[in-house]
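The primary structure of each chain is shown beneath.
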Amino acid sequence: MKSSHRSRRLRRHYGRMHKTGGLNLVSLMDIFTILVFFLMVNSSDVKVMQNSTDVPLPVSTAEQQAVENLTVQVSGRSILLQGREVARLDGIETGDIHISGLSEELAYRRERLQEIPEQGLPITIMAARDTDYRLLRRIMQTCVDQQFRQVRLAVEPEVRNG
């Protein structure tokens, strides 16, 4: 039996119209490429340090941006390293040169590193304006003795009018 010209044409048309559709990934890949590029470019501009409202930082006129690194924070009656309490102020003896809990945590973090630069490791100390200098000196001495010799003090930028 011979099929007519019209029936062949209908079968061809039906076959073209009912093919399984493929997923066009080109436009989706373009969108993700743009998104990744956007995130890479904009993520390096933000320098955010963990700060809490109970630590009023001193004011500075320095123009240099803050660098993200390990942070020691004196908050209330505690000393925190990266937000985790490592020592209590009431547990520090008057004659102590070092702060034992802070020293142990810094030693642990230093040992996990493959290489220590000649100038030492960076660390930022965040303490309130009215923090006792002797306590601040003990914290800095503890950091320096554990090879964290690039000590920075966190400050608020001075607000300039005009």
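The preceding data block contains the structure.
Residues numbered from 1 in each chain as written. Predicted model: local features only at pLDDT ≥ 70, side-chain atom pairs only at ≥ 80, totals over all residues. Heavy atoms only, no water.

**Student:** Explain the side chain of Ser78 to me, please; I cannot follow it from the model alone.
**Tutor:** Tracing the backbone shows Ser78 in strand β3 (residues 78–81). A distance of 2.8 Å separates the side chain of Ser78 from the side chain of Arg88, its partner in a polar contact. With residues up to four places along the chain from it excluded, the contact list for Ser78 reads Gln73, Glu85, Ala87, Arg88 and Leu89. (Helix = DSSP H or I, 4+ residues; strand = E, 2+ residues; numbered from the N terminus. Polar contact = N/O pair within 3.5 Å; in protein donor to acceptor, adjacent residues only side chain to side chain. Contact = heavy atoms within 4.5 Å.)

**Student:** I'm lost on unusual backbone geometry in this one. Help?
**Tutor:** Excluding glycine, residues mostly carry a negative phi; peptide bonds, for their part, are mostly trans. Located in the positive-phi region is Gln82, a residue other than glycine, with phi close to 55°. Tracing the backbone shows Gln82 in the loop between β3 and β4 (84–88). By relative accessible area, which is 33% here, Gln82 ends up partly exposed. One non-glycine residue, Gln147, adopts positive backbone phi at about 75°. One can find Gln147 in the loop between α4 (133–145) and β6 (150–153). Taking relative accessible area as the criterion, Gln147 reaches 27% and is therefore assigned partly exposed. (Buried < 20%, exposed > 50% of the residue type's maximum accessible area, 1.4 Å probe, protein only.)

**Student:** It is not clear to me how the sheet that holds strand β2 (residues 70–75) should be interpreted in this structure. Could you clarify?
**Tutor:** Whether parallel or antiparallel, the strands of a sheet pair through hydrogen bonds between backbone atoms. Taken in spatial order, the five strands line up as β4-β3-β2-β5-β6 in an open sheet, and their pairing is mixed. One side of each edge strand has no neighbouring strand; the edge strands of this open sheet are β4 and β6. The sheet shows a mean angle of 25° between the axes of neighbouring strands, direction not considered. Pairing geometry for β3 and β4, over four bridges, is antiparallel. Each residue of the ladder has a partner; that of Leu81, found in β4, is Arg84. (Pairing = 2+ DSSP bridges. Axes fitted to C-alpha atoms, helices over the stretch in contact; angles between N-to-C directions.)

**Student:** Explanation requested: the nonpolar core in the structure shown.
**Tutor:** Within soluble globular proteins, side chains that are nonpolar generally end up buried alongside one another. Residues Val72, Ile79 and Ile139 are the most contacted members of the largest nonpolar core, which totals 21 residues. Listed by contribution, the elements that provide at least two residues to this core are β2, β3, β4, α3 (100–111), β5 (122–126) and α4. Looking at this core element by element, the count peaks at four residues for α4. Setting aside its immediate chain neighbours within four residues, Val72 contacts Ile79, Leu80, Leu81, Leu102, Ile123, Thr124, Ile125, Met126, Ile139 and Cys143. (Core = buried A, V, L, I, M, F, W, Y, C linked by side-chain atoms within 4.5 Å.)

**Student:** How should I be thinking about the pattern of salt bridges in this particular structure?
**Tutor:** Pairs can form between side chains of opposite charge once their charged atoms are near each other. Per the counting criterion, the structure on display carries five salt bridges. In this structure, Arg84 and Glu105 form a salt bridge, with 3.0 Å as the shortest nitrogen-oxygen distance. Within this pair, whereas Arg84 is found in strand β4, its partner Glu105 is found in helix α3, the two being separated by 21 residues in sequence. Take Arg84: its relative accessible area is 46%, and that puts it in the partly exposed class. Taking the relative accessible area as the measure of exposure, Glu105 reaches 13% and is therefore buried. (Salt bridge = Lys/Arg side-chain N within 4 Å of Asp/Glu carboxyl O.)

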